[in-house]
Every structure is written in C-alpha cells, then in structure tokens.
Amino acid sequence: MRYYTIFFVAFLILAFSKSGIGQQQLQADNRITLANWLFKKDSLATDPQDLSTTGWSAVTVPHSWNTQDVMDDVPGYYRNKGWYKLQLPNLTAYKGKNLRLHFDGANQEVQLFVNGKAVGTHVGGYTAFSFIIDPYIDFSNSANEVFVLVNNRFNPDIPPLTADFTFFGGIYRNVYLEVLPKNHFSDPLFGSKGVFYQTTEVTAEKAQLRVFGRVQLQDKKAGAVRIKSRLLDSNQKLVAEVLGKLGAQDSFKLSFKPITNPKLWSPENPYRYTLETMLLDKNGAILDKVIAHVGFRYFHFDPKTGFHLNGKPYKLIGVSRHQDFKGLGNAVPYDLQVQDLHFLKDMGGNFLRVAHYPQIPAIMEACDSLGILTSVEIPLVNEITESSAFTQHSLHMQEEMIRQNYNYCSVIIWAHMNEILLRPKFNADKPRQEVYFQSIYKLAKQLDSLTRRLDPYRYTMLAHHGAVELYHRVGLTRIAMLNGWNLYPGWYGGTIADFGKQLDHIHAMMPDIPFMVTEYGADADPRIHAFDPIRFDKSVEYAVLYHKGYLKDFFNRPFVAGAFAWNLSDFNSETRAESMPHINNKGLLTWDRYPKNTYYLYQAALKKEPFLQIGTALWRHRGGIAADNITAVVQPLEIYSNQHQIELTVNGKAIATKTVQQHSAIFDVPFTSGLHILKAAALDVQGNVVRTQTDSIHFQLVDPNFVEPFKNTGAVHFSLGENRYVLDADKRLWIPLRQQQGQLWGLTGGKDFKLANRGEANVGTDRNIAGTDLDPVYQTQQVGLEELFFPLPEGRYKVVLHFAELSGAKEKEALPYDLENPNAVVTQLQNRVFNVYLNHSLWLNDFDLIKVAGTQKAHEEVAEVQTYKNQGLRLKFEKIIGDPVLNAISIYKL
Ligand code: GCB
C-alpha cells in the first residue's frame, strides 16, 4: 500500500473536489478501482479504429466472457479476442503525476491503447502488470479513452498449453488507476511495488531484516533522495528504523540492526510487524511510501523428519486451490475468494498450495493474516514448447510471481512445473523424445536457478505425477530443493492402500530429498451416494474412504513433510466429461462452496477444538426399498468427530453409542417413511458430553405395496444399471433399481451397461449426455431388460421412461491423468429396435432410440395410465433388433 504525505493527500482531495471526481473514488492506497467497462467480442479487430461503435455491453470487472459457454453441451469455449473500453475519470487534477493502469490479471494476452495509441502489451494470464499512461493522457481534456484488447487464444509460446482447468478469458481480476508522485518506488517490468524485504536469519532470540528495491526518479530536482524503513509492532510502536542512500541505478539496500526476541509468526499465532519504507527528499519530506507486513519465522525441510517451523517438527496439511466459482468463472469478487481461506482455516489446515498459478493479492494477504503457509507456482503444466519465446515467457512469469509475492511471509516455497511429463511429446519417436525431455530439464534448471538467485531464503519445488521413475530418469527430481508428488492410487488405478507403499518407495529411492504430497484426491459428485462404494463411482462415500486411507498413511510417516488435498473446491475443467460434465469434482467443497462430507472428515481429523458433525452434507433426502414385510430400511449414517465416542438418537430412540475410529463412527439407522430427527452427542474419554448436534433426514420409503413412496413427493424415481443413489438439483431422489431379489416386483432381465476394458471401476459411461444435467442417471443403463413391474395401488399415474444411447460414443479427448486408462474408451454403436408394452397395450412400437435421439443424448417418453386393483404397472420390453435398454423411470401419482 502506498501513502503520501499529508500535504499530498490534502492536495489530491482539494483537486478532486474541484474537478468534480467524487472524493470517495480515491481509495486510501491512492488508487481508483476501475470496475465499469464496455465490452464486446471481436475476433478481427487489431486496433481500436477497426471497432464499430455498436454492439458494446456494460460489464463489471472482474469479468470473463466464458462464464456460460464452458458449461454447455458444445465442446470448447470462446478462445479469441475480447475488447474492453472505458472513459477514464477526469484527470486534470493529476497533471504532473505519474499515472499507472494496474491490472491484477487478465487472461492471457493484453494490449493497451490510450487515446488511440498503443501503450504496451502483457503476456500471461495469472500475474499482475502495470502500464505507465500519463504520457498518453490529455490533461486539458476530461475525455481520455482506454481500450484493452484481451486474447485467450491458444498460443504455443505461452504457458499453460494444456491443463485440467479452464482458461477463462477476460479482465477477470481488478483494475486500478494508480496516482503516484513523480519520484516513487518502482518495478515497472514486473508489476510489484518495488520494495522487498528478507528475513535473512531468524531465531527465537534475534532476527535479521533487510530491505531492498528500486526507485524511479522523474523529478531530479527533489535532490539527494534517501530511503528510510521503520519497523512497527502490532500496536504501531516503533521497534527499529534504518536510513540509507540510493545506490547504483537508483537501487537501495538497507539492513536493520538485529531485532532481539522477535515475536514469531506461525499458523497458530500469525503475528506480524508493519514495515514502512519511505522515499525522502533532501528536506526529509516523504515522497512515496510502501507498507509491507513482516512475519518472522524460520523453517527447514529435512528428508527424514519432514518440515520444521520455528524449531519444531510441523506437519504441513492443507489443500490446493483453484480460483473459479460457480457461475462466475475466474471473475470472482475478492471477498468471495477470501472466504476460501476461512474454509481452509476452519478445516484445521495450515497450508495452501496456490495451484496452478499465482492468485490475487487478497488471497496471499489472507494467508499471512490467518496463518496459512503457502507455496506459489507458475502455470507451467503438462508440457512445454521448445521455443525461446516459451522459455522467456516462463522465466518472466516466474520473476513476476516472485517479485509480486515476495513480501508475504506465508510463502515458503516457489514452484515452477506441474506434472511436466504428463503429456510427453514425440511418443512415436523416442530419440526425439529424449531431446524434448532434455529441453524440459534445461528449462527447469533455468527456472530453478533464477528462483534461487531472486530469493535465497525460500525453497524451490517441482510437482511431479506418479511416474516416479520417469521423472527420476530425466533428472527432474534433482533440480529443485523439494519434490512434490501428485499421487492418486485408489483413484486413477491401483488401490487406496498403494498410497503408503508409494510414499515408502519414493523415500527409499531418494532418501536425501525432502518431499511432499502436492496432490491427492478422488471425485465426489455431491449428488451421488453409495453404500458399497467402489473406485471411480464418483460417490461421496468412496471419496471419504479414500481420504481416510491417505490421512492415515501420511500421518504415519514423519519423512513426508506435507500433504495437500486436491482440491479445496470443485472447479471447472471444460474438457472433462464425468458425471458432472466440465467439472472436476475432487473438491472438499462444491463449486459454490458447500461442504461435502469429505470436508467434515478433515475437520474431525485436524481441528484441535472439540468437533462433531453429522454427515448429512447435501444428502438430507434419502430413500430406499424395503424388503417384503419390513417397514424400515437400514442405512449407514456416518458422524464425524475428534472425540472418543458418539451417541446417536433418531426420533427420540437411542440407536447406539460408538467409539470413533479414523475420525468417525458409522451407525446403522432403521429409516421409516418421513422425517427423522437426528441427535448426536460427542463424548470425551471420561464420558462427558462435549458437543451435541441436531439434524434431520427425510426418508422416502419404497414399501412393497407402493403406498409410502408417493406420500410426500407424489413421485418415485428409479435409476437402472447402478447401485448409487442420486439426489438431483430439483431434490428428486433416484433410487437404484436392481434385479428382483425375492421381492414381488421390480426389474427382470438384462445387465448393467459397462465400458469395455475398464475393469472393476466401471459405472456407466464417462461421456457427457447432452440435453440434461442429470448425467449420472442417464450415464447408467440396464441393457437387455425384459420387464418392470410395480405393484401400484389403483389410480392414475404418469410414467416417464428416461433413455440415452450410451454406445457409439465418439472419440473424446483422453484424460491423461487417468494413468491406467489414458485413452478414452470408444464403444461400438449398437443398433437396437424394440417394443415397449404398458400393461399389455403397445406403447412404443419399433422404438429406435438412435433414430429418435441419436447417441449420448437424453430422451424421455411419457405416458399416462390407469391401474386397477391388484393390477399394478407392468412394462414389457420386447426385442426386435439388438438389446432393449432403459436408463431410468419416473412414476408420478396423478
Ligand atoms: C493432477 C493435476 C491437476 C488435476 C488433477 C486431477 O495431477 O495436477 O491439475 O486437476 O490431477 O484431478 O486429475
């Protein structure tokens, strides 16, 4: 933050009131936020002159043009040019000042025009940048016009080239007009404030503090300029100060005398000092001032004992974070973004991997103030381009990132490549591939040496994927000071138990290099639940099992310094199909930040204060099929706690008292029809109740007479070809309907649709089903079914059959993360024609699903029917060509 002398501020206020610019526009940091712009897409124009005056719409920055098209059924999203324009506020009052347009970020190539003249360009979507604009301003005229051309096209010279996240286009972070004095701290090439501090040596007894940077002197008359730095404690009391002169090229370097008994910064006590650095004129008046916050902490990584903070072993545990939010793309208001850090803190986490790119200042500031250690990285993901432009852009981004985030004490690691061997080029030409690998090695070396040179007081890191031997062979494991490993056994292949083995293997292979698990995670579609979860079924329950296994193996191994769940929240990845197309569901929170049960698991595992939470996250409408003559359905209910035992009563009836194991206890609850009030109590080892919680579940019981299921909702929905329960956005519960099992009703014939070569982790298809958001229901199917029978009471009903042809899926982009199945599975088109009879009358005659709907597309057939006493509803599927299929059925009582 910048502050000027009282005189200067007073001058500005006066000038503002004279010029008519509302004084409220001048923020305390002498910036004006420029939020209201006009926008239009124009892929042809290269200059403001080419643009027509029509077709502009008003937008608020942060803004992205991809908030909608990343979610539709059409593959791809607009990756081209967007134009922004704005009339600057009246600037007459700023004549003689240095004016800058500062962008916190825009994706990904930017060109700025002021009053028709090209001012400058910036490359890279995730770092801040500034342009000096006063030379282009007409101070005698109140109308100064700015045009910004933003392009998010694929550019082989700019990282990221490919990644499992969406490259939302637009000015998606804040823009400010900054008013600076002629002589000021400066870092024009790298978008930082130009003042940096280092804590070169810290112990509990003393701390060494050094300040350095550069100034821009446009007004030489100010005379011999000096620099003064003051360190204040949290009560704003002066602790120490230092005065110095400018050196070569207007740079400066100041060293404080050792600070004795410094108060240390830690996640538990994020104590910060304030550092004011001032540019003084020859009379000692302040020309410019930059404020930073100083956290004194010392740390090191040890290959055997992991991370140590302020002299003590300290397990780093937390998450990675993407910056997008449901409906907003990457254009997320800063306050909403900062809320993520509160989720992390309240989870008991102490670390944020700022992945896969630098994020907004407000995020870093929140990490400092809340006490969350961080690593920050540039978006060099999956692959590189062997061009000097790509190298230069990567190096420049790394330097921007380091300089812009230098003064955040939470940062302990600078990273620069993520899974860079995930998409190895030249697979068909091995000698050429070796050359490519060497180019990657060389770039990694350059980035690492640059980082060590710019910041000798932090660690460097590369994050690799599970191909341990390959990274080691290429030499990438020996470049950075730390290795990060993104490990997914039990998700992409293997079993959950393989995680521990992999950790031991890495340690044995590289016993002298400290390492962390920079990613691990499993998809949890918040709508999907399973009581017999299996890998890749996308159920929340499988993800809970997965995270439990990983937590245990991580905490058992002191040599693993840290582990960061992938990801804090679900996020957009346009190219993904999945049960929720375009979304990566590995979040502990949903895309709009509602906790899943996995989040509660972490709270129970990590929080220090007593914790109790009934695992009803987004799953308060349950249901199930009762066996003949039974009036209740027993289903598991998981309750999370860090206490000794949990006691549960349901509708006033004691269910059980259970001992907590692996952060939870699982109760068998007999659910009947309707509302269930759940009361849980957590007990400490002495048997004292330390926490209580009340919650509720509504249960839709499907009884053998079909009286209950219509009671509250008037409808019942069954999904075929799967064991999972799906609660959709309209609160419709899809209950799995399996083959008859001694019941007098249900499904006869056929089998679950399965993808070829997928092995046991195989629930339905992995393709987007067009025309519906109910993909998980349409993605599964009963193939070759013969009959459905429901013993419905006499009455009128509406029957809806839900179909989607799952065979014949076109080739889709393979998911390289899926190491066991990196190639998308193509299923051969199955022609099928069949008849469907409804209570003996022919309903669908020669029904040809592909003809009526095509493939991978949701299709409904609707009929009304009157049933009579003891008749029920019978649907017969009669095969003509191929196998009849059905994905789901809904029955509404009319
Ligand atoms: C990874 C990548 C990350 C992906 C993640 C996943 O290893 O680093 O960008 O999103 O896996 O979910 O597959």
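Placed above this text is the structure.
Rules used in this analysis
- Residues numbered from 1 in each chain as written.
- Predicted model: local features only at pLDDT ≥ 70, side-chain atom pairs only at ≥ 80, totals over all residues.
- Heavy atoms only, no water.
- Phe/Tyr/Trp six-rings, centres within 6.5 Å; stacked < 30°, edge-to-face > 60°.
- Helix = DSSP H or I, 4+ residues; strand = E, 2+ residues; numbered from the N terminus.
- Lys NZ or Arg CZ within 6 Å of the ring centre and 35° of its normal.
- Buried < 20%, exposed > 50% of the residue type's maximum accessible area, 1.4 Å probe, protein only.
- Lys, Arg positive; Asp, Glu negative; His and termini not counted.
- Salt bridge = Lys/Arg side-chain N within 4 Å of Asp/Glu carboxyl O.
- Polar contact = N/O pair within 3.5 Å; in protein donor to acceptor, adjacent residues only side chain to side chain.
- Contact = heavy atoms within 4.5 Å.
- Axes fitted to C-alpha atoms, helices over the stretch in contact; angles between N-to-C directions.
- Parallel < 35°, antiparallel > 145°, perpendicular 65-115°, else oblique.
- Left-handed = near helix turned anticlockwise from the far one by under 90°.
- Nonpolar A, V, L, I, M, F, W, Y, C, P; charged D, E, K, R; others polar.
- Near = heavy atom within 4 Å.
- Areas by Shrake-Rupley, 256 points an atom, 1.4 Å probe, with all protein chains shown as cover.
- Pairing = 2+ DSSP bridges.

Caption draft 1: Region of the structure containing the packing of aromatic side chains. This model, assessed by the stated rule, comprises 57 aromatic pairs. Their ring planes at 90 degrees and their centres at 5.8 Å tell us that phenylalanine 212 and tyrosine 406 sit as a pair that is edge-to-face. Taken together, the residues phenylalanine 212 in strand E13 (residues 206-217) and tyrosine 406 in the loop between helix H4 (388-405) and strand E26 (411-418) connect sequence positions 194 residues apart. Ring-pair connections join several aromatic residues into one group, and the members of that group are Trp37, Phe39, Trp65, Tyr78 and Tyr84. For arginine 874, the ring lying beneath its charged end belongs to phenylalanine 789, and the centroid distance is 4.2 Å.

Caption draft 2: Looking closely at the side chain of arginine 173. Tracing the backbone shows arginine 173 in the loop between strand E9 (145-151) and strand E10 (175-180). There is no salt bridge for the buried arginine 173, and the closest opposite charge comes from aspartate 104, which lies 6.9 Å off by N-O distance. Among the polar contacts made by the side chain of arginine 173, one reaches the main-chain carbonyl oxygen of proline 358 at a distance of 2.8 Å. Excluding anything up to four places from it in sequence, arginine 173 contacts Val61, Pro62, Asp104, Gly105, Tyr126, Thr127, Gln323, Tyr334, Tyr357, Pro358, Gln359 and Ile360.

Caption draft 3: A look at the packing of helix H7 (residues 498-509) against helix H8 (residues 540-555). Viewed as axis vectors pointing N to C, H7 and H8 meet at an angle of 30 degrees, and their least axial separation amounts to 9 Å. Here H8 runs roughly parallel to H7, going by the angle between their axes. In this structure, the crossing between H7 and H8 has a hand that is right-handed. Residue-level contacts link Phe499, Gly500 and Leu503 of H7 to Tyr550, Asp553 and Phe554 of H8. In terms of residue class, the contact of H7 with H8 is built from 4 nonpolar, 1 polar and 1 charged.

Caption draft 4: Representation of the side chain of arginine 272. Mapped onto the elements, arginine 272 comes out in the loop between strand E17 (259-260) and strand E18 (273-280). Since its relative accessible area comes to 14%, arginine 272 is described here as buried. Within polar-contact distance, the side chain of arginine 272 engages the side chain of glutamate 365 at 2.8 Å. When near neighbours in sequence (up to four residues on either side) are disregarded, arginine 272 contacts Ser234, Trp265, His293, Val294, Glu365, Asp368, Ser369 and Cys409.

Caption draft 5: Quick look at unusual backbone geometry. A cis amide bond, omega 10 degrees, links valine 61 with the succeeding residue proline 62. Assignment of secondary structure puts proline 62 in the loop between strand E3 (57-60) and strand E4 (81-87). The step from proline 159 to proline 160 runs through a cis peptide bond, and the omega angle for that step is 5 degrees. For proline 160, the location among the structural elements is in the loop between E9 and E10. Despite not being glycine, asparagine 382 has its phi angle at roughly 70 degrees, a positive value. Here asparagine 382 shows up in the loop between strand E25 (373-377) and H4. Even without glycine at this site, asparagine 651 takes up a positive phi of about 45 degrees. Mapped onto the elements of the fold, asparagine 651 is located in the loop between strand E37 (645-650) and strand E38 (653-659).

Caption draft 6: Representation of the site of the ligand within the structure. Taken together, 14 residues sit near the ligand, with Asp164, Glu419, Tyr492, Glu519 and Lys586 positioned nearest. One of the side-chain nitrogen or oxygen atoms of tyrosine 492 is found 2.5 Å away from an oxygen atom of the ligand. Within the side chain of asparagine 584, one N or O atom sits 2.8 Å away from an oxygen atom of the ligand. The protein chains hide 99% of the 320 Å² of surface that the ligand would expose on its own. Partitioning the shell around the ligand into residue classes produces 5 nonpolar, 4 polar and 5 charged.

Caption draft 7: Main features of the sheet that holds strand E8 (residues 129-132). Strand order in the open sheet made by the 4 strands is E1-E10-E5-E8, with antiparallel pairing throughout. Each edge of the sheet is formed by a strand with only one pairing partner; in this case those strands are strand E1 (31-33) and E8. Taken over all neighbouring pairs, the strand axes of this sheet differ in orientation by 25 degrees on average, direction set aside. Bridge analysis of strand E5 (residues 98-103) against E10 gives 6 bridges, and the strand direction is antiparallel. Bridge pairing in E10 places leucine 101 opposite leucine 177.

Purely spatial values, then, with no claim about function.
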